[in-house]
Amino acid sequence: MSTPLTPVPFRAPGSDGTGRQGYPPAPEPLPVPVMDNHTHLDFPHNELKVSITDALDAAEAVGVQGAVQVGCDLESSRFTVQAVELDRRLLGAVALHPNDAPDYAARGELEEALAEIEALAGHPRIRAIGETGLDFFRTEGEGLAHQRYSFRRHIDIAKRLGLTLQIHDRDAHDDVVQVLREEGAPERVVFHCFSGGEDLARICNSEGWYMSFAGTLTFKNAANLRAALAIAEPERILVETDAPFLTPHPHRGRPNASYLVPYTVRAMAELTGWELSELCSRIAGNTVRAYGSWD
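Here the residue numbering is sequential within each chain, running from 1 through the sequence in written order. At least 70 in pLDDT is required for a residue's local features to be given in this predicted model, at least 80 for side-chain atom pairs to be given and counted, and no such filter applies to totals for whole chains, interfaces and linings, which use all residues. To get the side-chain values, take all heavy atoms of the structure and skip hydrogens and water.

Explain the layout of surface pockets here, please?
Gaps between atoms show up when a probe of the same size as a water molecule is rolled over them. Detection works on a 1 Å grid of protein atoms alone, calling trapped sets that fit a 1.4 Å probe cavities and calling open sets with protein on both sides within 12 Å along at least five of seven lines pockets, with lining residues defined by an atom within 4 Å of a point. Grid points are joined across faces, edges and corners, and a volume is the space filled by probe spheres set on the points. Its boundaries defined by the atoms lining it, the largest pocket holds a volume of some 640 Å³. Comment: elements are numbered from the N terminus, with helices defined as DSSP H or I runs of at least four residues and strands as E runs of at least two. Residue assignment for the lining of the largest pocket shows that the elements contributing at least two residues are β4 (126-135), β5 (164-170) and α8 (223-231). Amino acid classes used here: Ala, Val, Leu, Ile, Met, Phe, Trp, Tyr, Cys and Pro are nonpolar; Asp, Glu, Lys and Arg are charged; the rest, including Gly, are polar. Here the residues of the lining of the largest pocket are counted per class, giving 10 nonpolar, 10 polar and eight charged.

As structure tokens, then:
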């Protein structure tokens, strides 16, 4: 995986010169700035690469004033520490993704990798342990035991360091909740790219866990997410891109970036009937409570 920190051109919307579509057009700016609480600036989309500065400039121009850069393995977590030092508009999260934990275990490197994650998490602008959790879509068999062990270890690190826990939960809602309850959840828990329905939303409301909605909320087949948003307590709601993935409608299939957050926020306002400025203010306040100040 490439982890460049040097500037590269921000491609204009439209064709990237290879026959693939480039970045979508910028949306209308939000009336009150918000933050993208989950992005991967080190993940290129096909041949498209964007510098940290250019990506954050584009986001700031439409009312997305900051972002949380998220690590998924040692390389991307190291990148995250460098990135948060480069631009004050970034905070960071570091972890071993649940689908990567079995690979580290198979090489006999899981304990060493977890120790490095904890060391990286000591940086003052690293505010979360994540993304960690369970993924029953891509991992099975013996790998699930390594996932569970790694998840429990990440929970422990987050609690001991007083950091937010950022959850990756794919096809594993009940098991994620069970592990959190068995281990005792950290003070702040964020379900990244919330993928549950009303049942999980009720649990998050009850437990005081944050639900972070991504562009998937705007997909036609996402009735469960819209139902969850309808009953989510306003003080539990966050927004994210998971860029460069999960680009919101009407640009699904094109590369995602933090500057596209307004599409999702406006969909959230339309679905809930909340006034847009009020929703933006709520999201911004929730994000600071979840991760601390960007200052």
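How should I be thinking about unusual backbone geometry in this particular structure?
Generally, phi is negative for residues other than glycine and the peptide bonds are trans, each holding for most cases. That bond from glycine 130 to glutamate 131 is cis: its omega, 10 degrees, falls within 30 degrees of zero. Position of glutamate 131 among the secondary structure elements: in strand β4. With an omega of 15 degrees, the peptide bond running from histidine 249 to proline 250 counts as cis. Unlike most non-glycine residues, aspartate 171 shows phi in positive territory, near 60 degrees. Tracing the backbone through its elements, the reader meets aspartate 171 in the loop between β5 and α6 (173-183). Phi is positive for leucine 246, which is not a glycine, with a value near 60 degrees. Following the sequence through the fold, leucine 246 ends up in the loop between β8 (237-239) and α9 (261-272).

Sorry if this is basic, but what is going on with the nonpolar core here?
Nonpolar side chains tend toward joint burial in soluble globular proteins. Ranked by size, the top nonpolar core spans 73 residues in total, and within it Phe151, Leu165, Leu180, Phe191, Phe194, Val265 and Met268 carry the most contacts. Residue types Ala, Val, Leu, Ile, Met, Phe, Trp, Tyr and Cys, when buried and joined through side-chain atoms within 4.5 Å, form a set referred to as a nonpolar core. Remark: exposure states derive from per-residue accessible area (1.4 Å probe, protein chains only) relative to the maximum for the residue type, with buried under 20%, exposed over 50%, and partly exposed in between. The next biggest cluster of nonpolar side chains, apart from the first, holds 13 residues, and it includes Leu91, Val190, Leu238 and Ala284.

Help me out: how do you make sense of the pairing of strand β1 (residues 34-39) in this one?
Note on strand geometry: in a regular strand, side chains alternate between the two faces of the sheet. Within β1, six of the six residues are buried, which leaves it mostly tucked inside the rest of the structure. Here β1 runs beside strand β2 (residues 64-70); their pairing, made up of four bridges, is parallel. Bridge assignment links valine 34 to a residue of β2, and that residue is valine 64. At least two bridges found by DSSP between two strands is the condition for calling them paired.

Honestly, α8 in this entry has me stumped. Any pointers?
Think of an α-helix as 3.6 residues a turn; residues three or four steps apart then line up on the same face. Buried within α8 are the following residues: Leu225, Ala228 and Leu229. For α8, the arc enclosing every buried residue in end-on projection is 100 degrees, short of the 170-degree limit, so these residues lie on one face. What points out from α8, more than 90 degrees from its buried face, is the exposed set Ala223 and Ala230. Residues are treated as being in contact if the distance between any of their heavy atoms lies within 4.5 Å. Of the surrounding secondary structure, the elements contacted by the buried residues of α8 are α7 (198-207), β7 (210-213), β8 and α9. Throughout, the arc means the angular range of directions from the helix axis out to the C-beta atoms.

Sorry, what's going on with the pattern of salt bridges here?
Two side chains that carry opposite charge are able to pair once their charged atoms sit near each other. The term salt bridge refers to a side-chain nitrogen of Lys or Arg lying within 4 Å of a carboxyl oxygen of Asp or Glu. Enumeration according to the criterion identifies 15 salt bridges in this entry. In this structure, arginine 89 engages aspartate 87 in a salt bridge whose closest nitrogen and oxygen atoms are separated by 2.8 Å. On the accessibility criterion, aspartate 87 (9% relative accessible area) is buried. When the shortest N-O distance is used, the salt bridge between arginine 202 and glutamate 198 registers 3.5 Å. One end of the pair is arginine 202 and the other is glutamate 198, both in helix α7 and four residues apart, which spans about a single turn. Residue classification places glutamate 198 among the partly exposed positions, given a relative accessible area of 35%. Among the charged side chains, a network of salt bridges with common partners joins Asp57, Glu60, Asp87 and Arg89.

Explain the sheet that holds strand β6 (residues 189-191) here, please?
Think of a sheet as strands paired side by side through backbone hydrogen bonds, with each pair either parallel or antiparallel. Taken together, eight strands build an open sheet; the order of strands is β1-β2-β3-β4-β5-β6-β7-β8 and the sheet is parallel. Two strands lie at the open edges of the sheet, namely β1 and β8, each paired on one side alone. Each strand of the sheet is rotated relative to its neighbour by a mean of 30 degrees, with strand direction disregarded. Relative to strand β3 (residues 90-94), β2 runs parallel, the two being bridged by four bridges. Within β3, the residue paired with valine 68 across the bridge is leucine 91. Axes here refer to lines fitted to C-alpha atoms; in helices the fit is confined to the stretch in contact. Angles between the N-to-C directions go from 0 to 180 degrees. The strands that α9 touches are β1, β2, β7 and β8; relative to β8, the one it contacts most, it runs at about 150 degrees.

In this structure, what is going on with the side chain of threonine 287? I would like to understand it.
Here threonine 287 is to be found in helix α10 (residues 276-291). Given a relative accessible area of 0%, threonine 287 falls into the buried group. The contacts of threonine 287, once residues within four sequence positions are left out, are Met35, Asn37, Leu238, Gly292 and Trp294.

Teacher, can you tell me more about the packing of aromatic side chains here?
Under the pairing criterion, centres of Phe, Tyr and Trp rings, with the six-membered ring standing for Trp, must be within 6.5 Å; the plane angle then separates stacked pairs below 30 degrees from edge-to-face pairs above 60, leaving the rest tilted. Counted according to the given criterion, the structure contains four aromatic pairs. Between phenylalanine 43 and phenylalanine 245, the aromatic rings sit 6.0 Å apart at their centres with planes inclined by 70 degrees, giving edge-to-face as the arrangement. Of this pair, phenylalanine 43 sits in the loop between β1 and α1 (52-60) while phenylalanine 245 sits in the loop between β8 and α9, and the two are 202 residues apart along the sequence. Judged by centre distance (5.5 Å) and plane angle (50 degrees), the ring pair of phenylalanine 194 and phenylalanine 213 falls under tilted. Separated by 19 residues along the polypeptide, phenylalanine 194 in the loop between β6 and α7 and phenylalanine 213 in strand β7 bring together distant segments of the chain. Residue class for phenylalanine 194 comes out buried when judged on its relative accessible area of 2%. On the basis of relative accessible area, phenylalanine 213 is assigned to the buried category, the value being 1%. Over the ring of tyrosine 104 we find arginine 107; its NZ or CZ atom is 4.9 Å from the centre of that ring. Definition used: whenever NZ (Lys) or CZ (Arg) falls within 6 Å of the ring centre and also within 35 degrees of the ring normal, the charge is taken to sit over that ring. In this structure, arginine 252 is placed above the aromatic ring of phenylalanine 219, and the distance from its NZ or CZ to the ring centre is 3.7 Å.

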